[in-house]
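The chain contents come next:
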Amino acid sequence: MSAKTKQFTLHEDWTVVLLGFLIIGVSLFLFLPAVPVFKWSGITDLQNDVFESGNLQIIFLQFIYFISIGTIGAFLIGKSVKNFLVVFPVVYVLTLISLLIAGNTFVKGINLEAVIFSLIIGLVIGNFFRLPEWFRTALSTEVFVKIGLVLLGTSIIFSDILKAGSFGLFQALVVVLSVWYFAFWLCRKLNVDEELTMMISSAVSICGVSAAIATSGAIKGDSKKLSYVISMVLVTAVPMMIFMPMIARYFNFPEEVTGAWLGGSIDTSGAVVASGTLVGETALKISTIVKFSQNVLLGLAAFAISVYWTYTNNTSSEAADSKPTLRIIWERFPKFVIGFIAASVVFSFLLTPEVRDNVKDSLKNLQGLWFALAFTSIGLETNFKDLFSNTSKKPLYAFLIAQLFNIILTLLIAFLLFSK
């Protein structure tokens with residue numbers, strides 16, 4: 001009897017870097033996807049522009065393009081390709097509906113982006129219909145949003161990073177240390193158990209889902225507790241993503257300050273991008289740089305948490321043998337950040353302005369669609385019921401209070417560092 005061959009798999013972050021540069025390479029040298037039209041104000045526009053045969057052909061070719069890239073990703077990270085091929089068309093159609101809604105001129109006039117409608121549509125379906133577990137498992141939320149973030153690097157020229165990067169890193173250090181300690185202290189005051197305390201503190205202070213996952217890995221946390229923290233991060237990101245840009249616009253905050261505030265406060269990278277998009281191009285760039293400054297600290301934070309957990313919970317032989325090493329920094333570091341920086345370096349130094357201008361609109365369209373697909377997926381996999389169970393009120397209170405502290409502190413620091 002022959003032994004079963006083990007399937008080759010690649011780490012998710014390295015996969016998205018590979019796929020991101022595959023998209024960039026194809027756009028530069030082989031095929032530049034056309035940008036479909038979704039703008040309309042009435043039935044006539046829908047018939048003549050959006051549902052015109054040529055535009056429908058562009059949308060169909062875009063579907064083939066995206067499902068091909070997604071299938072390669074599912075194969076490389078070891079997900080079921082068969083399930084992905086069933087689920088992705090559903091996610092794509094729902095995302096097209098959100099793009100169609102956002103394309104209305106009235107909706108555009110009130111600055112509501114497609115990602116918001118993607119999220120709402122996903123949440124409605126995910127919470128009112130019982131989706132099978134295999135369907136939820138096949139969703140590729142993190143892959144979609146990280147590909148979008150790698151592509152976002154093509155629009156951030158290196159001079160922008162030099163301009164805001166040092167301030168962003170300083171803000172990240174102050175916010176992460178202050179908010180993490182406050183959240184840790186608060187959880188202890190509310191008698192939240194140790195595993196949830198560590199995951200909540202990291203999630204609310206560093207970078208949301210990625211920080212919660214890294215912390216859970218560092219402390220070998222319970223998967224149900226991790227799922228609960230991720231649910232809190234995703235659900236609270238929704239009102240923050242929508243209302244913080246509104247508050248900034250109402251009080252007329254400078255775009256640089258708003259971007260730093262959004263990037264330092266909102267926990268998920270995708271929500272940061274979506275909220276930054278609602279404000280403007282400058283806010284989008286600053287918010288992304290600030291968020292990546294926090295992401296850079298993730299590996300160091302995970303290493304410190306691993307050290308702390310090992311020496312404060314060293315009660316088993318397994319713990320005694322698992323002394324933390326510097327290798328953990330690299331293991332916990334979000335590799336997709338490398339893809340973002342590499343894309344920025346390529347478009348800053350290796351391409352002419354003419355080439356950049358030629359591919360700019362197409363890559364921005366692809367980037368936006370990956371984000372919209374990600375938020376449709378987030379909605380489909382998020383269940384509000386997890387947040388309101390009787391056994392989880394104290395962790396929820398701790399998370400919300402710590403998040404409010406984070407919002408206020410980050411706004412103050414953003415004004416100190418980024419206001420002119």
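Residues numbered from 1 in each chain as written. Predicted model: local features only at pLDDT ≥ 70, side-chain atom pairs only at ≥ 80, totals over all residues. Heavy atoms only, no water.

A.B. asks: Could you give an account of the overall build of the chain, with specific residues and numbers?
C.D. replies: The helix and strand tally for the chain stands at 20 helices and zero strands. The buried share of the chain, taken over its 420 residues, is 54%. When the accessible area of the chain is evaluated, it comes to approximately 19400 Å², of which 67% is carbon and sulfur surface. (Helix = DSSP H or I, 4+ residues; strand = E, 2+ residues; numbered from the N terminus. Buried < 20%, exposed > 50% of the residue type's maximum accessible area, 1.4 Å probe, protein only. Areas by Shrake-Rupley, 256 points an atom, 1.4 Å probe, with all protein chains shown as cover.)

A.B. asks: Hey, could you go over the pattern of salt bridges for me, with residue numbers and the actual values?
C.D. replies: Here the structure, examined in full by the defined rule, presents three salt bridges. The salt bridge partner of Glu12 is Lys146, with a shortest N-O separation of 3.1 Å. Taken together, the residues Glu12 in helix α1 (residues 12-29) and Lys146 in helix α8 (residues 141-152) connect sequence positions 134 residues apart. Assessed through its relative accessible area of 7%, Lys146 is described here as buried. The partner of Glu194 in a salt bridge is Arg188, and the shortest N-O contact between them spans 3.7 Å. (Salt bridge = Lys/Arg side-chain N within 4 Å of Asp/Glu carboxyl O.)

A.B. asks: Give a detailed account of helix α13 (residues 255-265), specifying residues and quantitative values.
C.D. replies: Judged by how many residues are buried, α13 sits mostly within the fold: 10 of 11 residues are covered. Turning to α13, its buried residues are Glu256, Val257, Thr258, Gly259, Ala260, Trp261, Leu262, Gly263, Gly264 and Ser265.

A.B. asks: Which residues make up the packing of α13 against helix α20 (residues 393-418), and what are the values?
C.D. replies: Interhelical geometry of α13 versus α20 gives an angle of 145° and a closest axis separation of 8 Å. In this structure, the crossing between α13 and α20 has a hand that is right-handed. Each of Glu256, Val257, Ala260, Trp261, Gly264 and Ser265 in α13 lies in contact with α20, whose residues at this interface are Gln403, Asn406, Ile407, Thr410, Leu411, Ala414, Phe415 and Phe418. For the contact of α13 with α20, the residue count by class is eight nonpolar, five polar and one charged. (Axes fitted to C-alpha atoms, helices over the stretch in contact; angles between N-to-C directions. Left-handed = near helix turned anticlockwise from the far one by under 90°. Contact = heavy atoms within 4.5 Å. Nonpolar A, V, L, I, M, F, W, Y, C, P; charged D, E, K, R; others polar.)

A.B. asks: Which residues make up the packing of aromatic side chains, and what values do they have?
C.D. replies: Here the structure, examined in full by the defined rule, presents 18 aromatic pairs. Consider the rings of Phe66 and Trp370, whose centres lie 4.4 Å apart with planes at 35°: the pair is tilted. Of this pair, Phe66 sits in helix α3 (residues 53-77) while Trp370 sits in helix α19 (residues 353-381); the two residues are 304 residues apart in sequence, bridging distant segments of the chain. Residue Phe66 shares its accessibility class with Trp370, and that shared class is buried. Relative to Trp261, the ring of Phe253 lies with its centre 5.9 Å away and its plane at 75°, an arrangement referred to as edge-to-face. Phe253 gets classed as buried once you look at its relative accessible area, which sits at 17%. Three or more aromatic residues link up through ring pairs in this structure, and these residues are Phe31, Phe60, Phe63, Tyr65, Phe66, Phe84, Phe88, Tyr92, Phe144 and Trp370. (Phe/Tyr/Trp six-rings, centres within 6.5 Å; stacked < 30°, edge-to-face > 60°.)

A.B. asks: Account for the side chain of Thr410, with residues named and values stated.
C.D. replies: For Thr410, the location among the structural elements is in helix α20. Excluding residues that lie within four positions of it along the chain, Thr410 makes contacts with Gln171, Val175, Ala260, Trp261, Gly264 and Ser265.

A.B. asks: Quick rundown of the side chain of Asn104? Include the residues and the values.
C.D. replies: When you line up the elements, Asn104 lands in the loop between α4 (81-102) and α5 (105-109). Separated by 2.9 Å, the side chain of Asn104 and the backbone nitrogen of Phe106 make a polar contact. Every residue in contact with Asn104, bar those within four places of it in the chain, is listed here: Trp40 and Ser41. (Polar contact = N/O pair within 3.5 Å; in protein donor to acceptor, adjacent residues only side chain to side chain.)

A.B. asks: I'd like to hear about the confidence of the model for the chain, residue by residue, with values.
C.D. replies: Looking at the chain, the pLDDT average stands at 80 and 81% of residues meet or exceed 70. Counting interchain partners and residues more than four positions distant, the pLDDT-below-50 stretch residues 315-321 has five contacts. (pLDDT = per-residue confidence, 0-100.)

A.B. asks: An account of the packing of helix α10 (residues 194-205) against α20 is needed here, citing residue identities and associated values.
C.D. replies: At their nearest, the axes of α10 and α20 sit 10 Å apart, and the two run at 25° to each other. When the interaxial angle is binned, α10 and α20 end up roughly parallel. Both α10 and α20 take part in a crossing whose hand is right-handed. Two secondary-structure elements touch here, α10 through Leu196, Ile200 and Val204 and α20 through Pro395, Phe399, Ala402, Gln403 and Asn406. Broken down by class, the residue content of the contact of α10 with α20 amounts to six nonpolar, two polar and no charged. (Parallel < 35°, antiparallel > 145°, perpendicular 65-115°, else oblique.)

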